Every structure is written in C-alpha cells, then in structure tokens.
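Breakdown of the fold
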Amino acid sequence: LMNIILEENPDVIGIDETMMKKNEQLEIEGYQIFRNDREKEGGGVLIAVKEEYKEISIEVRKESTFEESLWILVGTKDKIRIGVIYTPQENKVKKKEIKDMYNRIKEEIHISKEKRQKLLIMGDFNCKIGNNSESKIGNKIESKSKELSKGGKFLLELVEKEQLHLVNRSRKCEGKWTRIIGNCQSVLDYILVIKENKDDIKKMYIDENKVITPFRVKNNEEIYSDHNAI
C-alpha cells in the first residue's frame, strides 16, 4: 500500500476496512491521517490528506451508529466535503438501519449544498443496483445479476432525489467490477458527486487488472484485496 501511495502520489486517500484498533499507530509519510476505527474486529475507515493541505483540512463528522463513516472538509474559499463510508453486508441488517444511514448521508449532502461546497462521497456501500434502466441518472451498469438490493434502492433514490452523479455510470469511468472473487463479479463500491460538479471529474479508474490494488504476501504468493482499488 505504501509503495502504491508513493508511486501514485494522490492528494487524498480514502480507505475502507482498515481493520485497525484505536491504540494502533499509523503514519503515512507526507500525509495527515483522519481515522474512524471500529471497536471490535474488522471495519474502520480512513482519510489521508497531503501535509500541504493540513492547515485547511478538518474533520467534520464521524459515525459508527450503523455504518462507519468519516467526513472532512478541505479548502479555504472553495471547499470540498469528502466522505468515506463502509456499510455492513445487507443480509446482516434491517431495512430501517439502512434508511437511517442514508438519512445521515443526506444531512451531509444538504450541508454541502447550503454552503456551496463541492462534494465527494466514496465507499463500500455493500449494495447492488443491478441491471436497471438509465432513468434520470445516467448510463446503466450492466451486470450478470439483475438484482436490485434493498440498499441499492435507497442508493438510487438518494442519487435521484438529491441530484447526485453516480460516477460509476459515467463514460469517464474505466472498468466496472469493484469486487471480484473467483468468477463472481460485483459492483459494491461507488463514487458520488453533486451533479452540477460532475465536469470536475476527469477520470475514474476501477483497477480490475490489479495494477494499484494492495496485496499481502503469504508463502511467496501475492494475495490481493477482493475489492479493486478505485
């Protein structure tokens, strides 16, 4: 992961499922780190921002009610609100919990719009939006599964009602599958911006070929994350 960061030199990094405990220390040279760690095993989210933006970056919200989310604000005159979200698997949660989560996301969207801030939401939403029609929100994502999960319905409703742009559906998105295990391919991870700011997106790249996706080494074998880097 550190080698990838050094090579890619991103301004902002968002990571889901950090699996870190609160007493564990982490430093990424040249970056300020914001964290929301899970109390128990697994989960956790992180945002790292280049040190040069340290004085103009603040944490504005942290949620561990149901989802794990972390929101920061970067900038002075022109500000961007950045959120990283990790949602539990749908088969382990109730519909009301998912609805409440999307209401909390909606609150951040409304603040962003009211204060005329740009918005970037990224994360593992653990939901499927299936092989549905383009409707009002862009190109469809073709999938072998036509499943529109309960969380997927809430996500699409959020996109449509809040006038968001789902970058996965944009022609600027290269690649499709965000999670691959064997022959099973899924789209579970999404990037969202406010529709009026969609032209700010130059390119989105889903790393299906494992060029910038982190891996660990076990018995001299490279074992990659089952989610592709974006």
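Reference entry: report on the structure contained in this document. (Residues numbered from 1 in each chain as written. Predicted model: local features only at pLDDT ≥ 70, side-chain atom pairs only at ≥ 80, totals over all residues. Heavy atoms only, no water.)

Moving on, we come to a positive patch on the surface. Together, K95, K99, K150 and K153 line one region of the surface with positive charge. Those elements that provide at least two residues to the positive patch are α2 (95-114) and α3 (150-161). Tracing the backbone shows K95 in helix α2. (Patch = residues over 30% accessible without salt bridge, like charges linked within 9 Å, V, L, I, M, F, W, Y side chains within 5 Å. Areas by Shrake-Rupley, 256 points an atom, 1.4 Å probe, with all protein chains shown as cover. Salt bridge = Lys/Arg side-chain N within 4 Å of Asp/Glu carboxyl O. Lys, Arg positive; Asp, Glu negative; His and termini not counted. Charge placed at Lys NZ, Arg CZ, Asp CG, Glu CD. Helix = DSSP H or I, 4+ residues; strand = E, 2+ residues; numbered from the N terminus.)

Further remarks concern the side chain of H227. The residue H227 is located in the segment after β15 (221-224) in this model. A polar contact is formed between the side chain of H227 and the side chain of R179, at a distance of 3.5 Å. A polar atom in the side chain of H227 sits 2.9 Å from the side chain of D189. Those residues in contact with H227 that lie beyond four places of it in its chain are E17, D124, T178, R179, L188, D189 and T213. (Polar contact = N/O pair within 3.5 Å; in protein donor to acceptor, adjacent residues only side chain to side chain. Contact = heavy atoms within 4.5 Å.)

With antiparallel pairing, 3 strands are arranged side by side in an open sheet as β1-β3-β2. Across the chains shown, the open sheet's two edge strands, defined by having one partner strand only, are β1 (12-16) and β2 (31-36). For this sheet the average axis-to-axis angle between neighbouring strands, irrespective of direction, equals 15 degrees. In the sheet, β1 pairs with strand β3 (residues 45-50) via 5 bridges, with the strands oriented antiparallel. Bridging across to β3, I15 finds its partner in L46. (Pairing = 2+ DSSP bridges. Axes fitted to C-alpha atoms, helices over the stretch in contact; angles between N-to-C directions.)

Residue E17 is not a glycine yet carries a positive backbone phi of 55 degrees. Relative to the assigned elements, E17 resides in the loop between β1 and β2. Looking at E17, the relative accessible area reads 29%, which means it is partly exposed. Although it is not a glycine, Q163 adopts a positive phi angle of roughly 55 degrees. The residue Q163 is located in the loop between α3 and β8 (164-166) in this model. (Buried < 20%, exposed > 50% of the residue type's maximum accessible area, 1.4 Å probe, protein only.)

On inspection of all chains with the given rule, the structure shows 0 disulfides. C173 carries a free sulfur, and the closest cysteine sulfur to it, the one in C127, is 15 Å from it. Judged by relative accessible area, C173 falls into the buried class, the value being 13%. C127 supplies the cysteine sulfur nearest to C184, a cysteine that is in no disulfide, at a spacing of 15 Å. (Disulfide = S-S within 2.5 Å.)

That is the geometry; function is a separate question.
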